[in-house]
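Read off the chains here:
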Amino acid sequence: MKLRIATRKSALALWQTEHVAARLRALHPGLEIELLPLSTRGDEVLDRSLAALGGKGLFLKELELAIERGEADCAVHSLKDVPMELDAPFALAAILERADPFDAFVSNRYETLDALPQGAKVGTSSLRRQAQLRARRPDLQLADLRGNVNTRLAKLDAGEYDAIVLACAGLQRLGFDERIRSRLTAPQWIPAVSQGAIAVECRVNDAATKALFAGLDHETTRICVGVERAMNLRLAGSCQVPIAGFCERDANGYTLRALVGDERDGRLLRAEASAASPEGLGEAVAEKLLGDGAAELLRR
């Protein structure tokens with residue numbers, strides 16, 4: 001049997017897809033796998049922020065079209081790039097076990113965010129990160145930063161920024177663990193919804209492809225990111241608004257921490273809740289945020 005996997009062309013996307021392919025080969029010896037690297041609008045337009053580009057699925061639409069045209073059987077994504085609601089023909093065949101979900105503070109001169117001098121220049125393209133940076137260090141100069149991981153690190157090394165903020169998982173997957181000076185962790189700092197999780201998308205009626213990936217699906221990860229995505233969906237969130245959410249499971253059940261922010265003035269609305277069951281937890285936290293004024297922030 002042959003399986004064709006669509007992927008973005010970036011080093012991180014290719015690493016993730018090769019990782020999925022290796023896991024599949026271990027599960028299904030003899031399976032022939034072909035990668036189909038594609039460029040997406042999110043990869044091609046680098047002179048504007050993701051929020052300015054707008055729309056949904058900036059990093060996956062071209063991959064979905066390849067599946068629709070029959071050129072690929074499935075696609076591998078960073079789940080945080082996947083819209084909260086998939087278009088009708090598609091489904092998530094598997095969500096792999098989540099890697100480090102948190103953000104990394106990366107700097108060549110300073111150990112922590114708090115160690116940055118007054119007015120230091122910090123690069124990030126994420127409104128979620130900008131809102132939390134503005135809340136914690138209103139003195140900082142925040143600058144947009146687009147491009148793949150290697151490009152962003154190169155800009156830091158060239159002296160364009162005093163520090164940048166990236167996802168820990170991306171750095172670790174590409175072998176840049178040593179570039180992480182400190183981790184920005186919950187409850188003080190909340191990551192993007194689904195950050196650190198890899199997802200496989202296929203046609204909703206493609207039973208054969210779904211069966212191939214069944215052994216890669218990680219139940220706890222799927223439940224926790226499902227809670228986060230349900231919260232985000234209730235808030236009508238996308239890459240255009242600063243929303244963060246992180247759900248974790250412990251012996252007593254599930255805890256979801258979330259926030260909605262304003263990247264311009266650093267205003268943050270926070271909410272959290274715990275429950276024995278994940279059912280309704282995401283919506284409950286979203287309602288708390290809406291009750292505290294999140295709708296107005298999102299409209300702004």
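Residues numbered from 1 in each chain as written. Predicted model: local features only at pLDDT ≥ 70, side-chain atom pairs only at ≥ 80, totals over all residues. Heavy atoms only, no water.

Colleague: Just to check I follow, could you spell out the overall build of the protein chain for this structure?
Modeller: Within the protein chain one finds 11 helices and 13 strands. For 300 residues, the compact-globule estimate of 2.2 N^0.38 gives 19 Å, and the protein chain sits close to it at 19 Å. C-alpha extents for the protein chain along the principal axes are approximately 60 × 45 × 35 Å. The 300 residues of the protein chain split such that 53% are buried. When contacts within the protein chain are restricted to residue pairs at least 6 apart in sequence, long-range pairs at least 24 apart make up 68% of them. Put simply, the protein chain shows about 12,700 Å² of open surface, and 48% of that area lies on carbon and sulfur atoms. In the protein chain, 40 positive and 42 negative side-chain charges are present, and the distance between their average locations comes to 2 Å. (Helix = DSSP H or I, 4+ residues; strand = E, 2+ residues; numbered from the N terminus. Rg over C-alpha atoms; globule rule 2.2 N^0.38 Å. Buried < 20%, exposed > 50% of the residue type's maximum accessible area, 1.4 Å probe, protein only. Contact = heavy atoms within 4.5 Å. Areas by Shrake-Rupley, 256 points an atom, 1.4 Å probe, with all protein chains shown as cover. Lys, Arg positive; Asp, Glu negative; His and termini not counted. Charge placed at Lys NZ, Arg CZ, Asp CG, Glu CD.)

Colleague: Whenever I open this one, the packing of helix α9 (residues 219-234) against helix α10 (residues 281-291) confuses me. Can you help?
Modeller: Direction vectors running N to C along α9 and α10 enclose 40 degrees, while the axes themselves pass 7 Å from each other. Our classification of the angle between α9 and α10 gives oblique. Here the hand of the crossing between α9 and α10 comes out right-handed. In contact with Val227, Ala230, Met231 and Arg234 of α9, α10 contributes Leu281, Gly282, Glu283, Val285, Ala286, Glu287, Leu289 and Leu290. Of the residues belonging to the contact of α9 with α10, the class tally is 8 nonpolar, 1 polar and 3 charged. (Axes fitted to C-alpha atoms, helices over the stretch in contact; angles between N-to-C directions. Parallel < 35°, antiparallel > 145°, perpendicular 65-115°, else oblique. Left-handed = near helix turned anticlockwise from the far one by under 90°. Nonpolar A, V, L, I, M, F, W, Y, C, P; charged D, E, K, R; others polar.)

Colleague: For this particular structure, what's the right way to read the nonpolar core?
Modeller: Nonpolar side chains in soluble globular proteins tend to be buried together. Ranked by size, the top nonpolar core spans 22 residues in total, and within it Met231, Leu235, Val260, Val285 and Leu289 carry the most contacts. Among all residues touching Leu235, those that are not within four sequence positions of it are Ile243, Val260, Ala286, Leu289, Leu290 and Leu298. In terms of nonpolar packing, the next biggest core, distinct from the first, is built from 18 residues, Leu3, Ile5, Leu31 and Ile198 among them. (Core = buried A, V, L, I, M, F, W, Y, C linked by side-chain atoms within 4.5 Å.)

Colleague: Honestly, the pattern of salt bridges in this entry has me stumped. Any pointers?
Modeller: For side chains of opposite charge, pairing can occur when their charged atoms come near one another. Within the structure shown, the criterion is met by 21 salt bridges. Between Asp81 and Arg8 there is a salt bridge, with the nearest N and O atoms lying 3.5 Å from each other. Note that Asp81 is positioned in the loop between β3 (74-78) and β4 (90-95) and Arg8 in strand β1 (residues 2-8), a separation of 73 residues in sequence. For Lys61, the salt bridge is made with Asp87, and the minimal N-O distance between the two is 2.9 Å. In this pair, Lys61 is assigned in helix α4 (residues 61-68) and Asp87 in the loop between β3 and β4, connecting sequence segments 26 residues apart. Each of Lys61, Glu64 and Asp87 takes part in one network of salt bridges that share partners. (Salt bridge = Lys/Arg side-chain N within 4 Å of Asp/Glu carboxyl O.)

Colleague: Teacher, can you tell me more about the pairing of β1 here?
Modeller: Side chains on a regular strand alternate between the two faces of the sheet. With 5 of 7 residues buried, β1 is to be regarded as a mostly interior element. Sheet topology places β1 next to strand β2 (residues 32-38); 7 bridges connect them, and they run parallel. Each bridged residue has a counterpart across the sheet, and for Ala6 the counterpart in β2 is Leu36. Remark: the β1/helix α1 (residues 11-27)/β2 crossover connection has right-handed handedness. (Pairing = 2+ DSSP bridges. Right-handed = clockwise from strand over helix to strand, strands pointing away.)

Colleague: How should I be thinking about α9 in this particular structure?
Modeller: Every α-helix winds through 3.6 residues per turn, so residues three or four apart in the chain are directed the same way. With 16 residues, α9 extends 22 Å from end C-alpha to end C-alpha; this agrees with the ideal 22 Å at 1.5 Å per step. Within α9, the full set of buried residues consists of Thr221, Cys224, Val225, Val227, Glu228, Arg229, Ala230, Met231 and Asn232. Elements that come into contact with the buried residues of α9 comprise β4, β11 (243-250), β12 (253-261) and α10. With its phi angle positive at about 55 degrees, Ala236 sits one or two positions after the end of α9. (Expected span 1.5 Å × (residues − 1).)

Colleague: How should I be thinking about the sheet that holds β2 in this particular structure?
Modeller: As a general point, the strands of a sheet are linked pairwise by backbone hydrogen bonds and lie either parallel or antiparallel. Pairing is mixed across the open sheet formed by 5 strands, whose spatial order is β2-β1-β3-β10-β4. Where the open sheet ends on each side, the last strands, each with one partner, are β2 and β4. Sheet twist, expressed as the average angle between the axes of neighbouring strands with direction ignored, equals 30 degrees. Here β4 runs beside strand β10 (residues 198-203); their pairing, made up of 5 bridges, is antiparallel. Each residue of the ladder has a partner; that of Ala91, found in β10, is Cys202. Along the sheet face, α1 touches β1, β2, β3 and β10 and points at about 160 degrees away from the line of β1. The sheet strands contacting α4 are β1, β2, β3, β4 and β10, and the helix crosses β3 at an angle near 165 degrees.

So far we have only geometry, and geometry alone does not tell us how the molecule works.
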